[in-house]
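Each chain, written out:
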There are 2 protein chains.
Amino acid sequence: MPLMKSWVTSANDPTCDFPLNNLPYGVFSNGDHEARCGVAIGDQVVDMAALEAADMITLSDEPVFDLPFWNDVMELGPAAWTTLRERLIALLKDGAAEQAQVAPHLVPLAEVQLHMPLVVSEYTDFYAGRHHATNVGTMFRGAENALPPNWLHIPIGYNGRASTVVVSGTDIRRPVGQTKAPDAEMPSFGPCRRLDIELEMGAIVGSSTQMGQPITVAEADRMIFGYVLLNDWSARDIQAWEYQPLGPFQAKAFATSISPWIVTTAALDPFRTSTPTREQPLLPYLQEPSPMLFDIELAVLIEPEGGESEVIARTNYKEMYYSAAQQLTHHASSGCAMNAGDLLGSGTISGPEKDQRGSLLELSWGGKTPLTLKGGQERSFIEDGDTLTLTGHAEGDGYRVGFGTCSGKILPAVSFP
Amino acid sequence: MPLMKSWVTSANDPTCDFPLNNLPYGVFSNGDHEARCGVAIGDQVVDMAALEAADMITLSDEPVFDLPFWNDVMELGPAAWTTLRERLIALLKDGAAEQAQVAPHLVPLAEVQLHMPLVVSEYTDFYAGRHHATNVGTMFRGAENALPPNWLHIPIGYNGRASTVVVSGTDIRRPVGQTKAPDAEMPSFGPCRRLDIELEMGAIVGSSTQMGQPITVAEADRMIFGYVLLNDWSARDIQAWEYQPLGPFQAKAFATSISPWIVTTAALDPFRTSTPTREQPLLPYLQEPSPMLFDIELAVLIEPEGGESEVIARTNYKEMYYSAAQQLTHHASSGCAMNAGDLLGSGTISGPEKDQRGSLLELSWGGKTPLTLKGGQERSFIEDGDTLTLTGHAEGDGYRVGFGTCSGKILPAVSFP
């Protein structure tokens, strides 16, 4: 599919994240107006609440856009999602009859504040990248035991904490917690000393299921409203001491950042690709009937306080062993009810090469090979004042479908009462 | 404290779960009326929405009782919780001036349907019972490695699934999932064959904290709105295959049942008791400044389809090694934001004796010593048609503060699409 031209001319630049082919969904505020739904196009935001009030877009008897989240739109279902996208394309395409009526409802992106685009119902994080699982397993259990026995059969996941999912740009306070040095007799309590990122994609579930209602992979794929970039901030020293036997808890609970724009599954459709060849056959309930992963180029940048921003890793979402549709199918398989607004983290996305690793744990190999930044500083883990940023886009023919950025700056730990 | 007498005479029976000393909070419906807040007293429910409409109880400018959850009352804060309890006692005590005005707003418990008493924001389950952790650890890792190294220092917890927390009386569909026999080459997918209960108490967080705001144990204790009985249904065969390395997931996600009445911390105050002597000192942030556990007698009953109900275990909440206040403090310690409506499962409550074990896994020692029921049937794990019930009460001087029951019947698994 080529670039779809828009009368918003900035959207036609081949390096713009938000062409007409994209139309991602966010929540914004500006001036005295409260936060409400918006759609990014070029360097502008379409004020969806204003279009709805002007009867130029109507999805439901109740207003669904003059709200600080997209959950109400999700709950209208996939047919309404398609109607919305088609209507937006008709309004914004080059030569649209309603250009003059729509234009007053555009707000420059540079003048708005972006907010969380949804209310996260529950947050689940997976461990579905093979290179990451192999790297981490090798460091902790040795190369011969790198992958747990269930890994090739189950998209391993655990429930995360929804209350601390925040939008890009939110400062992140260095967490505190229990850690124990291998040679110490007792644990101690204090600021995390091995603070890390995890480069992930987040899939947003848009449709609900009932308790006891399993779903197929095809159904799961149709339930996914869209995707965001996701940084699963991780306290490696807290994690090492706490995670046996019941998994990560406080090491992950302090913060998860997501990018502000939900890129719809419809916008990503041209970039579908299959999950990698299976080393062992999957059980039938997890088999993909058609390509459900996406070719999305990803990067991690670090910017020390007062320093320069630089890329420290590049990888691609297609490196995952399991798609979000497979993860969602497994999630519902026991009878677990899924809800619109559920957020599924893909798991860390690392490629096969050293500079394709999606965490500092892997990039510095547990601190053994620190990165040297352009300014000469070394980094094994994140220092106070560092800003970590994720970027991502799918590359089309003369256009890109971009996610914008997912960014967070680390503030020093607070002292405990 | 002795029995507080009420003009609702059924409440003065020393075996009644709901005397004036208790006043637990639930949500009920009857006839054509929609679900709304109610308070149990004797064999009656006080219609709180009706009392509020009649201006006999006013907590806020907005109505807070004509809603199918207690979350709005929680968010008014501990001072409002005290005001509410004092007002209810004044209205319902023996000789109350307003008896004639209140009496028309009582509805017989036998005529109402009970619903979930709150919207569960997020659900966290702990593993804080020492006898349970020792029993399970002995079965899986041997007696010498029974307790994980962190267990005496951290109230180990993991995030559970809030979407499937249901009220007592809701039928539970047998879950399906991946399991793998030790000698099998590949896993298989099908109905759970080792379905179990976990007898727990659930603590309901009533106050919120900000991200990055740690709390003391004393603050945590004041944030707890009340307690319920909680059955953390568990699929042991699914759990065994999935739980390494990131903890229980689908083995727990299909259902968690709670009792319908939130027994307030205020009602439980006379039954406070300290956590057991520490084998190793706790880090300061987890130390209890005063007794924060409660003396609550608990029982598990099983009733096969068409059979007789019988007690299979009796234990006490005071067996726990960590209190809910300690768990909540640890939960917030990294900077994790807590919200009104968060539900914290205590972990399975087992006593030191064989008939004090809070799960079938422990009672049948992994299936090696099945229970023989009165009707002659054997049980290692739960069969389709079985109804499992938890009961609990604190025993006062001539009265009890009861929780009612937490019950669920197992339906056969559905076939997967």
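Position numbers for residues count from 1 along each chain, tracking the sequence in the order it is written. By the order in which they are written, chains take letters starting at A while ligands take numbers starting at 1. In keeping with the predicted nature of the model, local features appear solely for residues at pLDDT of at least 70, side-chain atom pairs appear and are counted solely at 80 or more, and the whole-chain, interface and lining totals rest on all residues. Side-chain metrics in this entry use all non-hydrogen atoms of the structure; hydrogen atoms and water are not considered.

**A look at the overall build of chain A**
Along the backbone of chain A there are 11 helices and 26 strands. Dimensions of chain A, computed from the C-alpha atoms along their principal axes, are close to 70 × 55 × 45 Å. In this description, contact between two residues means that some pair of their heavy atoms is separated by no more than 4.5 Å. Sequence separation of at least 24 residues holds for 71% of the intrachain contacts in chain A that already meet a minimum separation of 6. Using a 1.4 Å probe, accessible areas were evaluated by the Shrake-Rupley method; residue-level cover was limited to the displayed protein chains. A total accessible area of about 14800 Å² is found for chain A, and carbon and sulfur atoms account for 49% of it. When charges are counted, Lys and Arg contribute as positive and Asp and Glu as negative, whereas His and the chain ends are disregarded. Charged groups are reduced to one reference atom each: NZ for lysine, CZ for arginine, CG for aspartic acid, CD for glutamic acid. Side chains of chain A give 27 positive and 51 negative charges; the mean places of these two sets differ by 7 Å. The helix and strand labels rest on DSSP assignments: H or I over at least four residues marks a helix, E over at least two residues marks a strand, and numbering proceeds from the N terminus.

**Structural notes on the sheet that holds strand S21 (residues 310-316) of chain A**
Residues and elements named next belong to chain A. Two strands are said to pair when DSSP picks up at least two bridges between them. Across the sheet, five strands lie side by side as S9-S26-S25-S20-S21; this open sheet has mixed pairing. Lying at the two open borders of the sheet, with one neighbouring strand each, are strand S9 (172-173) and S21. Bridge count for strand S20 (residues 297-303) against S21 is six bridges, and the pairing is antiparallel. Its bridge partner lying in S21, Leu301 is registered against Val311.

**Re the interface of chain A and chain B**
Each partner contributes residues to the interface: chain A has 64 residues there, and chain B has 64 residues. For any pair of parts, buried area is found by adding up, for both, the accessible area (1.4 Å probe) each one loses once the two are put together. When the two sides are added together, the surface that chain A and chain B hide from each other amounts to roughly 5900 Å², 65% of it contributed by carbon and sulfur. Together, A:Arg161, A:Leu246 and A:Phe249 form the three largest contributors to the area buried by chain A at its contact with chain B, with a combined 14%. Salt bridges, as used here, are contacts in which a Lys or Arg side-chain nitrogen is within 4 Å of a carboxyl oxygen on Asp or Glu. Between chain A and chain B we count four salt bridges in total. Note that B:Arg161 and A:Asp342 form a salt bridge whose closest N and O atoms lie 2.6 Å from each other. Each polar contact in these results corresponds to two N or O atoms within 3.5 Å; when the atoms are within protein, one needs to be able to donate a hydrogen and the other to accept it, and residues that are neighboring in sequence are counted only if both atoms are side-chain atoms. Along the contact surface separating chain A from chain B lie 24 residue pairs in polar contact (both at pLDDT 80 or more). Residue assignment for the side of chain A that touches chain B shows that the elements contributing at least two residues are strand S6 (123-126), strand S7 (157-159), strand S10 (176-179), strand S11 (188-191), helix H7 (236-242), helix H8 (250-253) and helix H10 (324-333) of chain A. Looking at the side of chain A that touches chain B residue by residue, the classes come out as 38 nonpolar, 22 polar and four charged. In this count, Pro and Cys sit with the nonpolar residues alongside Ala, Val, Leu, Ile, Met, Phe, Trp and Tyr, while Asp, Glu, Lys and Arg are called charged and the others, Gly among them, polar.

**Side note on the pattern of salt bridges**
Residue and element names in this part refer to chain A. In the structure shown here, the tally under the stated rule is 36 salt bridges over all chains. Across the pair Asp295 and Lys318 runs a salt bridge whose closest N-O atoms are separated by 3.8 Å. Taken together, the residues Asp295 in the loop between strand S19 (293-294) and S20 and Lys318 in the loop between S21 and H10 connect sequence positions 23 residues apart. Take Asp295: its relative accessible area is 27%, and that puts it in the partly exposed class. Residue classification places Lys318 among the partly exposed positions, given a relative accessible area of 38%. Sharing partners across several salt bridges, the network here consists of Asp196, Glu198, Asp232, Arg236 and Lys252. When a residue's accessible area, from a 1.4 Å probe over protein chains only, is under 20% of the maximum for its type it is buried; when over 50% it is exposed; and in between it is partly exposed.

**Some details on the UniProt feature "active site" (unreviewed entry) in chain A**
Residue and element names in this part refer to chain A. UniProt positions are given in the numbering used here, feature names are shortened, and annotations may be inferred rather than shown by experiment. The residues that UniProt annotates with the feature "active site" (unreviewed entry) are His132. Structurally, His132 is set in helix H5 (residues 130-141). For His132, a relative accessible area of 3% translates into the label buried. With residues near it in sequence (within four places) discarded, His132 still touches Tyr127, Glu198, Thr348, Ser350, Ser359 and Glu362.

**Observations concerning the side chain of A:Thr329**
By secondary structure assignment, the location of A:Thr329 is in helix H10. Of the residues examined, A:Thr329 reaches a relative accessible area of 0% and is grouped as buried.

**With respect to the relation of the copies chain A and chain B**
For these two chain copies, the linking operation is a rotation about an axis paired with a shift along it. The atoms used to superpose the copies are C-alpha atoms, taken from residues with pLDDT of at least 70 in both, and the fit is least squares. Rotating chain A by 180 degrees and translating it 0.0 Å along the rotation axis places it on chain B, where the RMSD comes to 0.0 Å. These values place the two chain copies in the arrangement generated by a two-fold rotation axis. No C-alpha of chain A lies nearer the rotation axis than that of A:Gly247, which sits 2.2 Å from it. Comparing contact sets, 100% of the residues at the interface of chain A also lie at the interface in chain B, consistent with an isologous, same-surface contact.

**Let's talk about the side chain of B:Thr209**
All names here are of chain B. By secondary structure assignment, the location of Thr209 is in the loop between strand S13 (199-205) and helix H6 (217-223). In this structure Thr209 comes out as buried when scored by relative accessible area, which is 5%. Those residues in contact with Thr209 that sit more than four places away from it in its chain are Ile215, Met223, Cys336, Ala337 and Met338.

**A few points about the UniProt feature "binding site: substrate" (unreviewed entry) in chain A**
Per the UniProt record, "binding site: substrate" (unreviewed entry) is found at A:Tyr127, A:Arg141, A:Gln239, A:Tyr243 and A:Thr348. With respect to the secondary-structure elements, A:Tyr127 resides in the loop between S6 and H5. Non-local contacts of A:Tyr127, meaning those with residues more than four positions away in its chain, are made with A:His132, A:Ala133, A:Val136, A:Arg141, A:Trp151, A:Ile156, A:Ser346, A:Gly347, B:Pro245 and B:Leu246. For A:Arg141, the location among the structural elements is in helix H5. Setting aside anything within four residues of it in sequence, one finds A:Arg141 in contact with A:Tyr127, A:Ala146, A:Pro148 and A:Tyr243.

**Focus: the packing of aromatic side chains**
Residues and elements named next belong to chain A. Only centres within 6.5 Å qualify two rings of Phe, Tyr or Trp (six-membered ring in Trp) as a pair; their planes then separate them into stacked at under 30 degrees, edge-to-face at over 60, and tilted for everything else. Under the definition given, this model contains 26 aromatic pairs over all chains. Each member of the aromatic cluster is reached from another via a ring pair, and the members are Tyr25, Phe65, Trp70, Trp81 and Phe225. Each ring is checked for a lysine NZ or an arginine CZ that lies within 6 Å of its centre and within 35 degrees of its normal; such an atom marks a charge sitting over the ring. Looking at Arg278, its charged tip hangs above the ring of Tyr322, at a distance of 5.4 Å from the centre.

**Things to note about the state of the cysteines**
Disulfides are defined as cysteine sulfur pairs within 2.5 Å. In the structure shown here, the tally under the stated rule is zero disulfides over all chains. Left unpaired, A:Cys406 is separated from the closest cysteine sulfur, that of A:Cys192, by 18 Å.

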